[in-house]
Amino acid sequence: MFAIHNRVIRQGDGASTPLILTNAYPVDGRMWERCAARIAALADEAGLADFAIWAPDMPGSGLSSTPSDEQSGRRAPNGSYPDALDRMAESYVAMLHEAGYGKAVWVGLSMGGYLVTDLYRLHPEAVAGVALCDTMASSDGVGGEARLETSNACESTNGVQPVMHFAQAGPGDSTVKRSQAFIDQMTSWIHDQTPAGLAWRQRMTYGRPELAGVPERMDVPVAVVSGELDPTSNPSVMKPLAERIGSNAVFTSIADCGHFSAVEHPDTVAAALVDLMRRVD
C-alpha cells in the first residue's frame with residue numbers, strides 16, 4: 001500500500017458518507033481547501049448531514065511520500081508504471097476502511113479523475129457517488145509521451161521548472177488563471193512539490209489501464225463538471241460523457257473557467273458537489 005497524507009478539512013459526525021476530494025497534477029490536496037470550505041457552508045445551509053470532507057495528498061504530492069519502484073509494481077521499458085494507478089486506488093480504499101467507513105463520495109479533478117474512475121472499476125462497492133471534474137477516461141495514446149518527457153526532465157534537473165507552465169497563462173485562458181493571485185498561488189504550490197513526486201505521478205498516469213467505458217457503468221449519482229475554456233476536458237468532451245452515463249449524471253458547465261475548475265471557480269464547483277451529496281443522501 002502507498003502512504004497517503006490525509007488532509008481532514010471537516011471531521012464530520014462519523015456516520016454520514018464522507019466526501020473525498022482527489023487532487024490534480026502538479027499540485028496537492030490544498031487545491032481543494034477554498035472549495036471545501038464552501039462545500040461545508042452550503043451543505044449546512046441546505047440542512048445536509050455533517051459529513052466528513054477530506055482532501056488527501058495523492059502519493060507523490062504534498063506531504064504524501066513518493067512510492068518506490070518496488071511499491072509501484074512493474075516498470076515498463078518506457079519507464080511508466082502499469083500497476084501504480086491500481087495500487088493507488090487500493091490504497092485510497094484502505095484509507096477509507098481504516099477510518100471506519102464502507103463507502104464514500106469520490107471527487108476527482110484531472111489526474112484525480114483517473115484515480116476515481118479506476119477506483120470505481122476495482123471497488124464499486126466502496127463508491128456512493130462520483131464527481132468527474134475536467135478529466136477523461138481514455139488513455140493518452142501517442143500524445144502521452146509528453147508525460148514521460150516531463151518525468152525525465154524533472155529527474156534530470158532535480159527541479160520543478162519542467163511543470164511551471166501550469167502556473168503560466170496565455171491570452172485565451174480564463175480571467176482567474178490570468179490573475180496574479182492565481183499565478184502566485186500555483187507557483188507556490190508547485191515549488192512545494194518534489195521532482196521525484198512530479199515524475200512518479202506522470203509515470204503512473206501514463207501507465208494507467210484503459211478506463212474508457214468505465215464512467216458509463218457507474219450506477220450511482222454522478223456529477224460531471226467542465227470549464228468552458230479547458231483545453232482538453234471542455235464541454236464538447238464532458239457533456240457527451242455525462243449523456244452517456246445517463247440520467248444519474250448531472251452536468252455543470254462553467255463559463256470563463258479553465259482546467260482547474262475547483263481553484264478557479266470554487267463556489268460553482270462546491271454547489272455542484274453539494275447537489276451530488278444531496279442526491280446521494
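These remarks concern the structure in this document.

Here is what the cut-offs are and how they apply
- Residues numbered from 1 in each chain as written.
- Predicted model: local features only at pLDDT ≥ 70, side-chain atom pairs only at ≥ 80, totals over all residues.
- Heavy atoms only, no water.
- Buried < 20%, exposed > 50% of the residue type's maximum accessible area, 1.4 Å probe, protein only.
- Helix = DSSP H or I, 4+ residues; strand = E, 2+ residues; numbered from the N terminus.
- Pairing = 2+ DSSP bridges.
- Contact = heavy atoms within 4.5 Å.
- Axes fitted to C-alpha atoms, helices over the stretch in contact; angles between N-to-C directions.
- Salt bridge = Lys/Arg side-chain N within 4 Å of Asp/Glu carboxyl O.
- Parallel < 35°, antiparallel > 145°, perpendicular 65-115°, else oblique.
- Left-handed = near helix turned anticlockwise from the far one by under 90°.
- Nonpolar A, V, L, I, M, F, W, Y, C, P; charged D, E, K, R; others polar.

Within strand β4 (residues 104–109), 6 of the 6 residues are buried, which leaves the element mostly enclosed by the surrounding structure. Across 4 bridges, strand β2 (residues 19–22) lies against β4 in parallel orientation. Within β4, the position partnered with Leu19 by the bridge is Val105. Across 6 bridges, β4 lies against strand β5 (residues 127–133) in parallel orientation. The residue of β5 that forms the bridge with Trp106 is Val130.

To continue, consider the sheet that holds β2. By way of backbone hydrogen bonds, the strands of a sheet pair with one another, either parallel or antiparallel. Taken together, 7 strands build an open sheet; the order of strands is β1-β3-β2-β4-β5-β6-β7 and the sheet is mixed. In this open sheet, the two edge strands, each paired with only one partner strand, are β1 (8–10) and β7 (249–254). Of the pairings in the sheet, the one linking β1 to strand β3 (residues 53–54) comprises 2 bridges and is antiparallel in character. Across the sheet, Val8 pairs through a bridge with Trp54, a residue of β3. With respect to the sheet, helix α8 (residues 235–245) is in contact with β5, β6 (222–227) and β7, its orientation differing from that of β6 by roughly 170 degrees.

The tally for this structure, following the rule as stated, stands at 15 salt bridges. Notably, a salt bridge pairs Glu33 with Arg7, separated by 3.4 Å at the nearest N-O pair. With Glu33 in helix α1 (residues 33–45) and Arg7 in the segment before β1, this pair connects stretches of sequence that are 26 residues apart. Taking the relative accessible area as the measure of exposure, Glu33 reaches 38% and is therefore partly exposed. The residue Asp50 makes a salt bridge to Arg10 at a minimum N-O spacing of 3.3 Å. Separated by 40 residues along the polypeptide, Asp50 in the loop between α1 and β3 and Arg10 in strand β1 bring together distant segments of the chain. Residues participating in the shared-partner salt-bridge network are Arg7, Glu33 and Asp57.

What follows covers the pairing of β5. A large share of β5 lies buried, amounting to 7 of its 7 residues. Taken together, the 4 bridges between β5 and β6 define a ladder with parallel strand orientation. Its bridge partner lying in β6, Ala131 is registered against Ala223.

With that settled, the discussion passes to unusual backbone geometry. Residue Pro26 is reached from Tyr25 by a cis peptide bond, and omega for that bond is 5 degrees. One can find Pro26 in the loop between β2 and α1. The residue Ser110 is not glycine, and still its phi comes out positive at about 55 degrees. Looking at the secondary structure, you find Ser110 in the loop between β4 and α4 (111–122).

Next up on the list: the packing of helix α5 (residues 145–157) against helix α7 (residues 195–206). Two elements in contact, α5 and α7, have axes separated by 8 Å at closest approach and are oriented at 160 degrees. Viewed along their axes, α5 and α7 adopt a mutual orientation that is roughly antiparallel. When you trace α5 past α7, the crossing you get is left-handed. Across the interface between the two elements, Glu145, Arg147, Leu148, Thr150, Ser151, Asn152, Cys154 and Glu155 from α5 touch Pro195, Leu198, Ala199, Gln202, Arg203, Thr205 and Tyr206 from α7. Of the residues contributing to the contact of α5 with α7, the split by class is 6 nonpolar, 5 polar and 4 charged.

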